[in-house]
Amino acid sequence: MKENKELSIQNVTKIFSQRILLTKEEFKAVDDVTLEISLDPPEIFGLVGESGSGKSTLANILLQIIYPEFGKIYLNSKNIANFEITEFMKYIQPIFQDPFDSFDPMKKTDLFIYETIKNFNIAKERPAIESLINESLKNVGLDYKTVKGKYPHEFSGGQLQRIAVARALVVHPLLLVADEPVSMLDASLRISIVNLFKELKEKHNLSVLYITHDLSTAYYISDRMGVMLRGNLVEIGNAKEILDKPLHPYTQFLKEAVLEPDPDKKKITLEESEEQRMTVISEYQQRGCKFVNRCPKATDICKEKEPGYYSIKSRKVKCFLYENFK
Ligand SMILES: Nc1ncnc2c1ncn2[C@@H]1O[C@H](COP(=O)(O)OP(=O)(O)OP(=O)(O)O)[C@@H](O)[C@H]1O
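Residues numbered from 1 in each chain as written. Predicted model: local features only at pLDDT ≥ 70, side-chain atom pairs only at ≥ 80, totals over all residues.

Going by what an unreviewed UniProt entry lists, the chain is known as Peptide ABC transporter ATP-binding protein and is assigned to Petrotoga olearia DSM 13574.

1. Things to note about the overall build of the chain
Counting its secondary structure elements, the chain contains 12 helices and 12 strands. Expected size for 326 residues packed as a compact globule is a radius of gyration near 20 Å; at 21 Å, the chain falls within 12% of this value. Considering only contacts within the chain whose residues lie at least 6 apart along the sequence, 67% involve residues at least 24 apart. (Helix = DSSP H or I, 4+ residues; strand = E, 2+ residues; numbered from the N terminus. Rg over C-alpha atoms; globule rule 2.2 N^0.38 Å. Contact = placed C-beta atoms within 7 Å.)

2. Digging into unusual backbone geometry
The bulk of non-glycine residues show a negative phi, and the bulk of peptide bonds are trans. Cis geometry is adopted by the peptide bond preceding P41, which originates at D40 and carries an omega value of 5°. Considering the arrangement of structural elements, one finds P41 in the loop between β2 (23-38) and β3 (44-48). Positive phi, normally seen in glycine, also occurs at N11, with a value near 50°. By the secondary structure assignment, N11 is in strand β1 (residues 6-20). Despite not being glycine, E180 has its phi angle at roughly 50°, a positive value. Following the sequence through the fold, E180 ends up in the loop between β7 (175-179) and α7 (187-204). On the basis of neighbour counts, which here come to 19 C-beta atoms within 10 Å, the residue E180 falls in the partly exposed class. (Buried ≥ 20, exposed ≤ 12 C-beta atoms within 10 Å, placed from the backbone.)

3. Re helix α3 (residues 109-119)
For α3, the complete set of buried residues consists of T109, D110, I113, T116 and I117. Down the axis of α3, the buried set is contained in an arc of 115°. They therefore lie on one face. Across α3 from its buried face, at more than 90 degrees, point the exposed residues K118 and N119. Looking at the buried residues of α3, the elements they touch are α4 (126-139), α5 (144-147) and α6 (157-169). Taken from the residues just after α3, N121 is the one with a positive phi, measuring 60°. (Arc of directions from axis to C-beta.)

4. Concerning the pairing of strand β9 (residues 224-229)
The buried count for β9 comes to 6 of 6 residues, which makes it a mostly enclosed element. Because side chains alternate across β9, one face comprises the buried residues R224, G226 and M228, and the other comprises M225, V227 and L229, equally buried. Pairing of β3 with β9, which is carried by 4 bridges, proceeds in the parallel orientation. By the bridge assignment for β9, G46 is matched with M225. By the bridge criterion, 6 bridges tie β9 to strand β10 (residues 232-238) in an arrangement that is antiparallel. If you follow M228 over to β10, its bridge partner there is L233. Hairpin geometry of β9 and β10 is characterised by an intervening segment of 2 residues between the two adjacent antiparallel strands and by a positive phi of about 40° at R230. (Pairing = 2+ DSSP bridges.)

5. Focus on the environment of I281
In this fold, I281 is placed in helix α11 (residues 274-285). Separated by 180 residues in sequence, I281 and D101 place their C-alpha atoms 29 Å apart. In this view, I281 contacts Q18, I20, E25 and F27; residues no more than four positions away in its chain are not counted.

6. Structural notes on the pairing of β3
Every other side chain in a regular strand lies on the same face of the sheet, so the side chains alternate between the two faces. Of all 5 residues in β3, 5 are buried; the element is thus mostly enclosed. Residues I44, G46 and V48 point to one face of β3 and F45 and L47 to the other, with burial holding for every one of them. Where β3 meets strand β8 (residues 207-212), 5 bridges bridge the pair, whose relative direction is parallel. Bridge assignment links F45 to a residue of β8, and that residue is L209.

Structure representation (structure tokens):
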């Protein structure tokens, strides 16, 4: 049997319950998501969507931090639930939003890489470990001499995020799950980290799941892209094609929101008020399309029935507008 070199996410659903005023409401934070990320050849897959659309929940499921109620995930055709966790983490490594959270402030940063090498049994003797640290730092554009013996606070956010990537690289993963990896960094540093992901893909065959609400960096680095709306993937395809000509009304809404120059009129918010949270939950629980209440193109069927996926060339769109589209 031919082995697929991919991470295959099949019909994954995660249910949470949240207390809203006096009641407890269940909702599907990730709702029947199916998606493949190629590992060979490597690809950068951008996962975009506004705050609360389920991106981090999906990332946490992929990293086996939380477990889905339904669905299965296969890494190179093997169910990830059947991996021993250290073996699994050799293949998939996380990169978090705030690089300062990835490090113990009381511990020298190179020691963190050192311990990863030891814990994963990649090398045992100090000279071999030091040479691996040197190599991994070089791969992220840093010099071991400038890192050695220093504590996290002695680095900028951008440098520290590079060191976090270097630590992930020592296990030679196939995929980085990078959840908002540049959103805490100064705008001037963002592009250099984003370029680093591109370089790692090209030079080290590393795939990246790049999770962001920032469409411009997603456009810049992603090969393919998925757009998340209240737990559903509503549009999947080539990233440039999607953002040049979004088909799903929600993707069109996201693009317009980004182009809106007046920050007060921007429709995408990161901070959720209680009122917004309630709207979010009710949209998650919406019976038909989850964008129906905000969609300018909605018709009666969108309220009653969940749309399937319709294919337009290599793109898949979860919207009735494309049901009979040729
Ligand atoms: N452990 C949890 N228990 C209950 N609800 C949760 C839990 N984690 C996340 N949620 C809720 O699930 C929904 C999806 O959250 P998630 O963090 O996955 O969204 P997101 O797209 O990553 O948003 P952001 O960009 O703000 O991180 C939100 O309504 C969130 O409040």
